[in-house]
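Per-entry structural report
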Amino acid sequence: MRDLGAGFRYLLKGQKWVGRHGRQYGFGLLPGLITLVLYAATLVALALWGADLVGWATPFADDWADPWAGLFRGFLTAVLFALALLLSVLTFTAMTLLIGQPFYESLSEKVDRDVSPDGTAPESDLPLWRELWISARDSLRIVARAAVWAVLLFALGFVPVAGQTVVPVIGFFVTGFFLTEELTAVALQRRGVEVRERLALLRSRKTLVWGFGTPLALAFLVPFVAVFLMPGAVAGATLMARDLRGEETEEGGVADEPEEEGVGT
């Protein structure tokens, strides 16, 4: 239970850090805004034309008697939209991090320097295109795992009582875990930690991960909140990555440094 509280404190510390570094925060909003527009457009299109898509995909129901064809296709349309909404929550972080990779790398590196006793930070020797490729590849692996969980939990949602009580709670914890994996990947990838090792590291401290990721998953359900919390979430995940790796951290650095003058400085 102590780790649960520690994870939540890292989330708060990350928001506090970007609050004191206004330029970092301002630039950090842009990738989230771009992703939000893309996802919103996709969901709106699905809401408008989802029924047509389902009708095209189910020609075998054309000859069904009323009202069964309409009920069946209406149910499939609702399922399609619900799955798209769930996948949007699960993949929003991965897409935002991919779009904002250069900035979030810089932000994470600055957090490392800020709290490191010797003022240094691990640096990647890979070119930007290679980092983007690795990030995209690893994100696809995580999204595939998250999609399996999404389908499983959606199916379990039809179980009476448990589907409406226990399953949603499990869903938030699962979502929180994958959100944390994507966010800590920014700092851990810079340290050369591969995706399998990252997952093993997070599983070894599940309560810490849940304390950080589950409240974030709940907050991300509120429209636009994800955009404003993303920069602080990356900063907090960097602090937590240092904890997971057993690296020494100067707590005072989280709050006491003056605001920096630019993204690239």
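None of these values were measured; they are calculated from a predicted model.

To continue, consider the overall build of the chain. What the chain contains, in helices and strands, is 10 helices and zero strands. For the chain, the N- to C-terminal ordering of α and β elements is α-α-α-α-α-α-α-α-α-α. By the burial criterion, 43% of the 265 residues in the chain qualify as buried.

The next subject is a nonpolar patch on the surface. Taken together, Trp-149, Leu-152, Leu-156, Val-159, Val-166 and Ile-170 make up a surface patch of nonpolar side chains, about 480 Å² in accessible area. Relative to the helices and strands, Val-166 resides in helix 6 (residues 166-190).

Before going further, it helps to spend a moment on the packing of aromatic side chains. Counting across every chain of the model gives eight aromatic pairs. Aromatic pair Tyr-39 and Phe-92: ring centres 5.9 Å apart, planes at 85 degrees, arrangement edge-to-face. Of the two residues, Tyr-39 sits in helix 2 (residues 22-57) while Phe-92 sits in helix 3 (residues 68-99), which places them 53 residues apart along the sequence. Judged by relative accessible area, which is 7%, Phe-92 ranks as buried. Where Phe-173 meets Trp-210, the ring centres are 5.3 Å apart and the plane angle is 80 degrees; that geometry is what we call edge-to-face. A residue pair is termed long-range when its members are at least 10 positions apart, and Phe-173 in helix 6 and Trp-210 in helix 8 (residues 206-220) qualify at 37 residues. Take Trp-210: its relative accessible area is 27%, and that puts it in the partly exposed class. An aromatic cluster of at least three residues, connected via ring pairs, comprises Tyr-39, Phe-92 and Phe-220.

Attention now goes to the pattern of salt bridges. In total, this model carries 11 salt bridges according to the counting rule given. Residue Arg-198 is joined to Glu-181 by a salt bridge in which the shortest nitrogen-to-oxygen separation is 2.9 Å. On the criterion of sequence distance, the pair formed by Arg-198 in helix 7 (residues 195-203) and Glu-181 in helix 6 is long-range, its members being 17 residues apart. You can call Arg-198 buried: its relative accessible area is 1%. For Arg-205, the salt bridge identified is with Asp-243, shortest N-O distance 3.6 Å. In this pair, Arg-205 sits in the loop between helix 7 and helix 8 while Asp-243 sits in helix 9 (residues 225-244), placing the two residues 38 residues apart along the sequence.

Among the nonpolar cores identified, the biggest contains 43 residues, and Leu-107, Leu-183, Phe-212, Met-230 and Val-234 are the most heavily contacted of them. When residues of this core are assigned to their parent elements, the largest contribution, 10 residues, is made by helix 9. What Leu-183 contacts, discounting residues up to four positions off in sequence, is Thr-93, Leu-97, Phe-212, Leu-216, Met-230, Ala-233, Val-234 and Ala-237.

A cluster of basic residues, Arg-145, Arg-196, Arg-203 and Lys-206, forms a positive patch at the surface. By the element assignment, Arg-196 lies in helix 7. Its relative accessible area of 66% is what places Arg-196 among the exposed residues.

Looking at where Leu-4 falls in the secondary structure, it is placed in helix 1 (residues 2-19). On the basis of relative accessibility, which here comes to 29%, the residue Leu-4 falls in the partly exposed class. Separated by 205 residues in sequence, Leu-4 and Val-209 have C-alpha atoms that sit 7.5 Å apart. Residues within four places of Leu-4 in sequence aside, it is in contact with Thr-207, Leu-208, Trp-210 and Gly-211.

Calculation notes
Residues numbered from 1 in each chain as written. Predicted model: local features only at pLDDT ≥ 70, side-chain atom pairs only at ≥ 80, totals over all residues. Heavy atoms only, no water. Helix = DSSP H or I, 4+ residues; strand = E, 2+ residues; numbered from the N terminus. Buried < 20%, exposed > 50% of the residue type's maximum accessible area, 1.4 Å probe, protein only. Patch = residues over 30% accessible without salt bridge, like charges linked within 9 Å, V, L, I, M, F, W, Y side chains within 5 Å. Areas by Shrake-Rupley, 256 points an atom, 1.4 Å probe, with all protein chains shown as cover. Salt bridge = Lys/Arg side-chain N within 4 Å of Asp/Glu carboxyl O. Phe/Tyr/Trp six-rings, centres within 6.5 Å; stacked < 30°, edge-to-face > 60°. Core = buried A, V, L, I, M, F, W, Y, C linked by side-chain atoms within 4.5 Å. Contact = heavy atoms within 4.5 Å. Lys, Arg positive; Asp, Glu negative; His and termini not counted. Charge placed at Lys NZ, Arg CZ, Asp CG, Glu CD.

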